Protein chains: 2
Amino acid sequence: MLQLKDLPDKEIIRRFAERYPQANVDAVLSFLKVLQVGTDLSLALNQYLAEFDLLQGRWWVLILLMREEDKRATPSTLAEKAGVSRATMTGLLDGLLKERLISREHALVDRRQIEIKLTQAGQDKLDEVMPGYYERVSKLMATIDSDLNQQMIEALTILHNHRQLFFN
Amino acid sequence: MLQLKDLPDKEIIRRFAERYPQANVDAVLSFLKVLQVGTDLSLALNQYLAEFDLLQGRWWVLILLMREEDKRATPSTLAEKAGVSRATMTGLLDGLLKERLISREHALVDRRQIEIKLTQAGQDKLDEVMPGYYERVSKLMATIDSDLNQQMIEALTILHNHRQLFFN
DNA sequence: TTGACATAGTTAGCCAGCTAACTATAATGG
DNA sequence: CCATTATAGTTAGCTGGCTAACTATGTCAA
């Protein structure tokens, strides 16, 4: 994902709109802004997680496991919830296993399945990472007042729900 | 970047907040929403560009070149504006050169520099891609009313400007 | 003028995504 | 009951990011 350090200003978009009359200046600006800020925050998050030898993928797996009552899940459901392929999940779990943050066991009911479980070391890792993560998120989001925040969420939710408009 | 198909609901975050009192439910929800929608739109854009054998990186280089009066730039400035390393830019330019969408010439003034120029084929490619891109962006953004759009941009701009709050 | 430092671009090698192809196991319907 | 189809997980090989190390050229100050 690009960082888009140099977003076009209205003037540049207007120049493009002369050649491409389909261009709507405000629409393009907001679209690019969403992409830009998404990348910003994603990079910032990765940078924080890297201090703990984690990246978004492996960190999110730990969180998904911690959400479960019994701290267990199968690779397939984890892949589905994280939005990555099962192949990628295999790789993420390999990494987590190497650091003993999770364990792998054959499931009893269905012998095709593997049960992934958050280990104590995995829980300890989260206990290290999460407080600083929540602090940073709180500090960052406190720069927007509560009403504006609600409106932003509303707008983003609408975009999320209509994202398939891009695929026609 | 993760797709975060399964965002936590307020109940889950509240459970986490019992263990991690730093957690602010609304802050976490907005933060993740920005990440999620950024990824959504990025994936959707890539999917559209892939129809034209482009991806965000190479597409953005073509746009940056088209913005220039003389359709020229050096790899360094392109890397800076696109927010990628110079090494990555070398790779992107290699790809574009192979399809003859740009040309490379040694600069006259400074013999370390290379001048990259948008070719006619490159301009033709943009003329193919951009109308559909602008149409899709317009259609998508039209789902948010204008006031809400302004508020979203305002909020995102504040977040962008404070992103370094994540690095302490 | 020349030694030290800075800058432009490339190369090599790493990493985390992906798809496609594979094995093993389970479910199902004729 | 067994042939077909579906599902779980892994492997191999591709891609586009990255950093670090390198070459070539330029700049500047003693």
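Since we're looking at a predicted model, the values are computed, not measured.

Considering the nonpolar core
- A:Phe31, A:Trp59, A:Tyr133, B:Phe31, B:Trp59 and B:Tyr133 are the most contacted members of the largest nonpolar core, which totals 120 residues.
- Non-local contacts of B:Phe31, meaning those with residues more than four positions away in its chain, are made with A:Leu41, A:Leu45, A:Tyr133, A:Val137, A:Leu140, A:Met141 and B:Phe166.

What about the relation of the copies chain B and chain A?
- Between chain B and chain A, which share one sequence, the superposing operator has a rotation angle of 180° and an axial displacement of 0.0 Å; the RMSD is 0.1 Å. Accordingly, the operation relating the two chain copies is best matched by a two-fold axis.
- Of all interface residues in chain B, 100% are interface residues in chain A too; the two copies therefore contact each other through one and the same surface.

Details of unusual backbone geometry
Residues and elements named next belong to chain A.
- At Asp-53, a position not held by glycine, the phi torsion is positive, near 55°.
- Within the secondary structure, Asp-53 sits in the loop between helix 2 (25-50) and helix 3 (56-67).
- Accessibility expressed as a relative area gives 52% for Asp-53, which makes it exposed.
- Located in the positive-phi region is Lys-71, a residue other than glycine, with phi close to 60°.

Topic: the protein's contact with DNA strand D
- Close to DNA strand D lie 21 residues, the nearest being A:Pro75, A:Ser76, A:Arg86, A:Arg112 and B:Thr88.
- For DNA strand D, the backbone portion of the atoms within 4 Å of the protein, that is sugar and phosphate, comes to 61%.
- Between DNA strand D and A:Arg112 there is a distance of 2.7 Å, counted from a base oxygen to a side-chain nitrogen or oxygen.
- Among the elements of the structure, helix 4 (75-82) and helix 5 (86-98) of chain A together with helix 5 (86-98) of chain B are those that each provide at least two residues to the surface near DNA strand D.

A short note on the sheet that holds strand 1 (residues 72-73) of chain A
Residue and element names in this part refer to chain A.
- Read across the open sheet, the 3 strands follow the order 1-3-2; overall the sheet is antiparallel. Edge strands, defined here as strands with exactly one partner in the open sheet, are strand 1 and strand 2 (102-106).
- The sheet contact formed by strand 1 and strand 3 (residues 114-118) spans 2 bridges and is antiparallel. Following the sheet pairing, Ala-73 is matched in strand 3 by Ile-116.
- In the packing of helix 5 onto the sheet, the strands contacted are strand 2 and strand 3, and the crossing angle to strand 2 comes to about 115°.

Details of the packing of helix 2 of chain A against helix 6 (residues 120-141) of chain B
- It is the contact of helix 2 of chain A with helix 6 of chain B, at a shortest axis distance of 9 Å, that shows an interaxial angle of 85°. As summarised for this structure, helix 2 of chain A and helix 6 of chain B are arranged roughly perpendicular, according to the angle between their axes. On the side of helix 2 of chain A, the interface is formed by A:Ala27, A:Val28, A:Ser30, A:Phe31 and A:Leu32, while helix 6 of chain B contributes B:Tyr133, B:Tyr134, B:Val137, B:Ser138, B:Leu140 and B:Met141.
- Tallied by class, the residues present in the contact of helix 2 of chain A with helix 6 of chain B amount to 9 nonpolar, 2 polar and no charged.

Notes on the side chain of B:Lys125
All names here are of chain B.
- Within the fold, Lys-125 resides in helix 6.
- Notably, Lys-125 is buried but unbridged: the nearest opposite-charge side chain belongs to Glu-128, and the N-O separation is 4.5 Å.
- In contact with Lys-125, not counting residues within four places along its chain, are Phe-52, Leu-54, Leu-62 and Leu-101.

Brief notes about the protein's contact with DNA strand C
- Taken together, 21 residues are adjacent to DNA strand C, and A:Thr88, B:Pro75, B:Ser76, B:Arg86 and B:Arg112 come closest.
- Within 4 Å of the protein, the contacting atoms of DNA strand C are drawn from sugar and phosphate to the extent of 63%.
- One nitrogen or oxygen atom from the side chain of B:Ser76 is found 2.5 Å from a phosphate oxygen belonging to DNA strand C.
- The contact in question runs from a base oxygen of DNA strand C to an N or O atom on the side chain of B:Arg112, over 2.8 Å.
- Broken down by secondary-structure element, the contributors of at least two residues to the surface near DNA strand C are helix 5 of chain A together with helix 4 (75-82) and helix 5 of chain B.
- Of the residues belonging to the surface near DNA strand C, the class tally is 7 nonpolar, 8 polar and 6 charged.

Examining helix 6 (residues 120-141) of chain A
- In a regular helix each residue adds 1.5 Å, so 22 residues correspond to 32 Å; helix 6 of chain A covers 31 Å between its end C-alpha atoms and thus fits that length.
- Maximum bend of helix 6 of chain A: about 30°, positioned at A:Val129, with proline A:Pro131 one to four residues after it.

What about the interface of chain B and chain A?
- Counting residues at the interface gives 81 residues for chain B, matched by 81 residues for chain A.
- In this assembly, chain B packs against chain A so that about 8600 Å² is buried in total across both faces, 71% of it on carbon and sulfur atoms.
- It is B:Arg67, B:Tyr134 and B:Phe166 in chain B that bury the most area against chain A; as a group they hold 9% of the surface buried on that side.
- There are 6 salt bridges connecting chain B and chain A.
- The residue A:Arg67 makes a salt bridge to B:Asp6 at a minimum N-O spacing of 3.3 Å.
- Our count for the contact surface shared by chain B and chain A stands at 22 residue pairs in polar contact (both at pLDDT 80 or more).
- Breaking the side of chain B that touches chain A down by element, the ones donating at least two residues are helix 1 (10-19), helix 2 (25-50), helix 3 (56-67), helix 4, helix 6 and helix 7 (146-161) of chain B.
- Tallying contributions element by element places helix 2 of chain B first for the side of chain B that touches chain A, with 20 residues.
- When its residues are assigned to classes, the side of chain B that touches chain A shows 44 nonpolar, 21 polar and 16 charged.

About the criteria used
- Residues numbered from 1 in each chain as written.
- Chains lettered and ligands numbered in written order.
- Predicted model: local features only at pLDDT ≥ 70, side-chain atom pairs only at ≥ 80, totals over all residues.
- Heavy atoms only, no water.
- Core = buried A, V, L, I, M, F, W, Y, C linked by side-chain atoms within 4.5 Å.
- Buried < 20%, exposed > 50% of the residue type's maximum accessible area, 1.4 Å probe, protein only.
- Contact = heavy atoms within 4.5 Å.
- Least-squares fit on C-alpha atoms with pLDDT ≥ 70 in both.
- Helix = DSSP H or I, 4+ residues; strand = E, 2+ residues; numbered from the N terminus.
- Near = heavy atom within 4 Å.
- Polar contact = N/O pair within 3.5 Å; in protein donor to acceptor, adjacent residues only side chain to side chain.
- Pairing = 2+ DSSP bridges.
- Axes fitted to C-alpha atoms, helices over the stretch in contact; angles between N-to-C directions.
- Parallel < 35°, antiparallel > 145°, perpendicular 65-115°, else oblique.
- Nonpolar A, V, L, I, M, F, W, Y, C, P; charged D, E, K, R; others polar.
- Lys, Arg positive; Asp, Glu negative; His and termini not counted.
- Salt bridge = Lys/Arg side-chain N within 4 Å of Asp/Glu carboxyl O.
- Expected span 1.5 Å × (residues − 1).
- Bend = angle between axes of the 7 residues up to and from the residue.
- Buried area = accessible area lost by both parts, 1.4 Å probe.

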